[in-house]
Amino acid sequence: MKTKKFLALLLAAAMTIGLVACGGDDADKETGKDSTNVEQPSDSGDVTPDTPDTPDTPDTPVVTPVDASIDFEDGLFGFVGVNGKVVGGIGNPTFSVEDYAGSKALKATADGKTISVGFQVDALLGDKVADVKTVELSIGIESPTSDFYACSGNLYGTYGEKNDKNAAPWSVYLETANPKTVTYTVPEGSAFGATNNFVVTLEVDNAKTDGVGNTNLYIDNVVFKDASGNKIEADTSAMYLVEDTGLDPNLFVLNNVTDLGIATSAAGWSQAGITLTEEQKALLVPGSVIEIEYSCSAPVWIVAVGSDANPNPMGNWLRGIEQTGFITNGYVSADGTKIQYTYEQLAEFFGADWGQYVDQFQIEGKEAWEVYSVKVGTKSNFATLGSVTDLGIATSAAGWSQAGITLTEEQKALLVPGSVIEIEYSCSAPVWIVAVGSDANPNPMGNWLRGIEQTGFITNGSVNADGSVIQYTYEQLEEFFGADWGQYVDQFQIEGKEAWEVYSVKVGKPVVQAHNVTDLGIATSAAGWSQAGIVLTEDQKALLAPGCVVTIEYACVEPIWIVAVGSDANPNPMGNWLRGVDQNTFIPDGAVYADGTKIQFTYDQLAVYFGENFGQYVDQFQCEGKEAWEVYSVKVGMAE
């Protein structure tokens, strides 16, 4: 029980009783109430109303103190974190415990984007987690100016191994009902379990819309209740589980990884590292990738130090960075904690065959830095997929047996050049696809085709690190199914050497790793079918060259696209107002990130709509979507 809140409520109740006793004309004038039915003092003046000891205050309702699972009075909030998977446009709010509405509450301070607060329910509730049937909590809002602006959002529960979500709306539309108690009910047949979250989002912020700034969100008095309405105790010392999928759209998935054992730190423009062993030097060959996990205000780079006994023709102290602007050409992770350099990127600074000359690896950065690991591996062809569609194949069979589905026309339409088929499975060896055709539309290569070389039955697909997922590109399968095989296939079946089980088969487009990324400075919003953007500078236009990729970070219920606007002075032969989307379906062919917050377009994808060499004609980049949308950034980088 919150003692401070309870005492405040008792005092308010006592003052309310005092106000009722006061009565009189003045009270009626202040409240604006009709005094017809109010008993008045007599004209004789014999009755003198009591004078309260304290000034009059507005009536305050008596609220029963809450016996909460989490009341934040202990100041702990390690069990909350940013859940970025329930809705698009999620930012990175900061959390703190502050005084609010007479007690301690969790405060989420926005960073310009949508607020999402995830509660790690399995860690909080332990073996009682599946007993939760309702969640009650108090939600309050506060604009930067302290003026009241209505806000709304959703309460989400995530369930099962795949964290399937269920949403219920909340809103605070009245200043007199701020904060407000809201309730979320667990759907029938669902239960919280391992890795699941209860999530509170603030998605409609009228203060932000009116240009005042971002609203802060307050959460208090969280009560997890079982089927009988009893409170479930929570362990507030629990910690939020940050999901590590091992995949980052900006990074390569690496195989055969070796940790070089570099864990050190230094001041800005200082170097620290290790002398490499002969075994470590042998890893530095064409095709290798060096990955550095670090902490610094800007990406760090490698300094290659040689020896007099085996001098590098380019020099024995070489920075792996262009030394005019000190902008790295490596691949930086989405959260800015890792950078990868390919052997070929470093060859620009260290020379061809530099691996045979390097004696020491040192790290350097513009500001004080710390490095936690430096690893060397080889690139896997395993890709981070966007625009994913689940084909609904979940089945199993004995070794050398097949099982699958007949594809719909919509599913067949996904099987086009550039697409990737991803199979999540369990088997002692990777599984493969069998493409079955129909007599009505026969494949020239045959109507029953194994997507594998049938001498050793070794797949040419890419397998992830733990052997639970395999990917096949459309082009890899062409070897076995023929060119344009997507137009002939009628059924997808799975097969393996041993007994196997498949949990999902998905079709998507790969997200391309980009380096030398430049932010175009587009941060804007508009209604559905409206456009907004910027006039490009000459330097920005020069970035739109073959091999580039354009990545848009956005919030919208559906993916958005680019509109390229030209000028009369330099008209595009295809037109001066061009939508970068198929205008029959309005489904962008870019790769949509798994969390629905980014979409990436390659130069070649955009060239379909804007024409070859469109970069020389475009004058403006605008964004557009079917529904109201907001864009946080548009970046251009180069694919490998």
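So, here's what we can say about the structure. Here the residue numbers are simple positions, counted from 1 along each chain's written sequence. Selection of residues for local features in this predicted model requires a pLDDT of at least 70, selection of side-chain atom pairs for listing and counting requires 80 or more, and totals for whole chains, interfaces and linings are taken over all residues. Side-chain measures here rest on the full set of heavy atoms in the structure, leaving out hydrogens and waters.

Take the overall build of the protein next. We count a stretch as a helix when DSSP gives it H or I for four or more residues in a row; a strand needs E for two or more, and each element gets its number in order from the N terminus. On a plain count of helices and strands, the protein comes out with 10 helices and 40 strands. Every one of the 640 residues in the protein was classed for burial, and the buried ones make up 47%. By definition, residues are in contact when any of their heavy atoms lie within 4.5 Å. The contacts of the protein with a sequence gap of at least 6 include a subset with a gap of at least 24, amounting to 78%. Accessible surface is estimated by sampling points in the Shrake-Rupley manner with a 1.4 Å probe; for residues, cover comes only from the protein chains shown. Carbon together with sulfur atoms contributes 50% to the accessible area of the protein, which is approximately 30,300 Å² in total. Partly exposed residues are those whose accessible area sits between 20% and 50% of the maximum for their type, while under 20% is buried and over 50% is exposed, using a 1.4 Å probe and protein chains only.

The criterion for an aromatic pair is that two Phe, Tyr or Trp rings (for Trp, the six-membered ring) have centres within 6.5 Å, with stacked assigned to planes under 30 degrees apart, edge-to-face to planes over 60 apart and tilted to the rest. Applying the stated criterion to the full structure yields 24 aromatic pairs. With a centroid separation of 5.8 Å and an interplanar angle of 55°, the aromatic rings of Trp269 and Trp301 are classed as tilted. Here Trp269 is found in the loop between strand 12 (264–266) and strand 13 (272–275), whereas its partner Trp301 is found in strand 15 (residues 301–305), with 32 residues between them in sequence. Of the residues examined, Trp269 reaches a relative accessible area of 39% and is grouped as partly exposed. Each ring, one from Trp485 and one from Phe492, has its centre 6.2 Å from the other, and the planes form 25°; the classification is stacked. An identical accessibility class is assigned to Trp485 and Phe492; each is buried. The rings of Phe72, Phe79, Phe119, Tyr184 and Phe198 are connected pair by pair, giving a single aromatic cluster. Look at NZ for Lys and CZ for Arg. If either is within 6 Å of the ring centre and within 35 degrees of the ring normal, a charge sits over the ring. Across the ring face of Phe252, the terminal group of Lys379 is positioned such that the distance to the ring centre comes to 4.8 Å.

This part takes up the pattern of salt bridges. Whenever Lys or Arg places a side-chain nitrogen within 4 Å of a carboxyl oxygen from Asp or Glu, that contact is recorded as a salt bridge. What the rule picks out here adds up to 15 salt bridges. A salt bridge links Lys104 to Asp99; its shortest N-O distance comes to 3.0 Å. Since its relative accessible area comes to 26%, Lys104 is described here as partly exposed. Between Glu364 and Arg319 there is a salt bridge whose closest N-O contact spans 2.7 Å. Here the residue Glu364 occupies a position in strand 19 (residues 360–364), and Arg319 occupies one in strand 16 (residues 317–319), the gap between them amounting to 45 residues. The residues Glu364 and Arg319 share a single accessibility class, namely buried.

Along helix 8 (residues 474–481), the residues classified as buried are Tyr474, Gln476, Leu477, Phe480 and Phe481. Down the axis of helix 8, the sector holding all buried residues measures 155°, keeping them to one side. Turning to helix 8, the residues buried within the fold contact strand 24 (420–426), strand 25 (432–436), strand 26 (448–450) and strand 28 (469–473). Where helix 8 terminates, the next one or two residues include Gly482, which has phi positive at roughly 95°. This arc is taken over the directions from the axis of the helix to the C-beta atoms.

Let's shift gears to the sheet that holds strand 9 (residues 197–205). The pairing criterion is simple: DSSP has to find at least two bridges between the two strands. With antiparallel pairing, 5 strands are arranged side by side in an open sheet as 1-4-9-6-7. Bordering the open sheet on either side are strand 1 (80–81) and strand 7 (164–172), each of which pairs with just one other strand. Inspection of the sheet shows strand 6 (residues 151–159) paired to strand 9 by 7 bridges, in the antiparallel sense. Each bridged residue has a counterpart across the sheet, and for Cys151 the counterpart in strand 9 is Asp205.

It is worth spelling out the side chain of Ser171 at this point. Mapped onto the fold, Ser171 is located in strand 7. Residue classification places Ser171 among the buried residues on the basis of a relative accessible area of 19%. Apart from the residues within four sequence positions on either side, Ser171 is in contact with Cys151, Ser152 and Lys180.

Inspection of the secondary structure puts Phe349 in helix 6 (residues 343–350). Placed 27 residues apart in sequence, Phe349 and Glu322 show a C-alpha to C-alpha distance of 7.7 Å.

Put simply, a nonpolar core is a bunch of buried Ala, Val, Leu, Ile, Met, Phe, Trp, Tyr and Cys residues held in one set by side-chain atoms that sit within 4.5 Å of each other. Among the nonpolar cores identified, the biggest contains 41 residues, and Phe119 and Leu217 are the most heavily contacted of them. Those residues in contact with Leu217 that sit more than four places away from it in its chain are Leu106, Lys107, Ala108, Ile115, Val117, Ile139, Gly140, Ile141, Trp170, Val200 and Leu202. Residues Ile560, Val592, Tyr603 and Val618 belong to the second largest nonpolar core, which totals 37 residues.

Examined against the element boundaries, Ser143 turns out to sit in the loop between strand 5 (134–142) and strand 6. Exposure remark for Ser143: the relative accessible area of 6% places this residue in the buried category. Once the C-alpha coordinates of Ser143 and Val212 are considered, the two residues, 69 residues apart in sequence, prove to be 7.7 Å apart. Residue contacts for Ser143: discarding those within four places in its chain leaves Tyr149, Ala207 and Thr215.

On the basis of which strands lie adjacent, the open sheet formed by 4 strands has the order 33-39-35-36 and antiparallel pairing. In this open sheet, the two strands that pair with only one neighbour each are strand 33 (532–535) and strand 36 (577–579). Along the sheet, successive strands turn relative to each other by an average axial angle of 20°, direction set aside. By the bridge criterion, 4 bridges tie strand 33 to strand 39 (residues 620–624) in an arrangement that is antiparallel. Each axis is a line fitted through C-alpha atoms, and for a helix only the stretch in contact is used; angles between axes span 0 to 180 degrees, taken between their N-to-C directions.

This brings us to helix 6. Looking only at helix 6, the buried set comprises Tyr343, Gln345, Leu346, Phe349 and Phe350. Looking straight down helix 6, one finds that the buried residues subtend no more than 155° of arc, so they occupy a single side. Against strand 14 (288–295), strand 15, strand 16, strand 17 (331–332), strand 18 (338–342) and strand 31 (514–519) lie the buried residues of helix 6.

Most of strand 28 sits out of view: 4 of its 5 residues are buried. Bridge count between strand 27 (residues 462–463) and strand 28: 2 bridges; the pairing is antiparallel. Residue Val463 lies in a different strand from strand 28, and its bridge partner there is Ile470.

So, about the pairing of strand 25. Taking burial as the measure, the 5 residues of strand 25 include 5 buried ones, the bulk of the element. Burial along strand 25 is two-sided: Trp432, Val434 and Val436 facing one way and Ile433 and Ala435 facing the other are all buried. Across 5 bridges, the pairing between strand 25 and strand 29 (residues 491–495) is antiparallel. Residue Trp432 lies in a different strand from strand 29, and its bridge partner there is Glu495.

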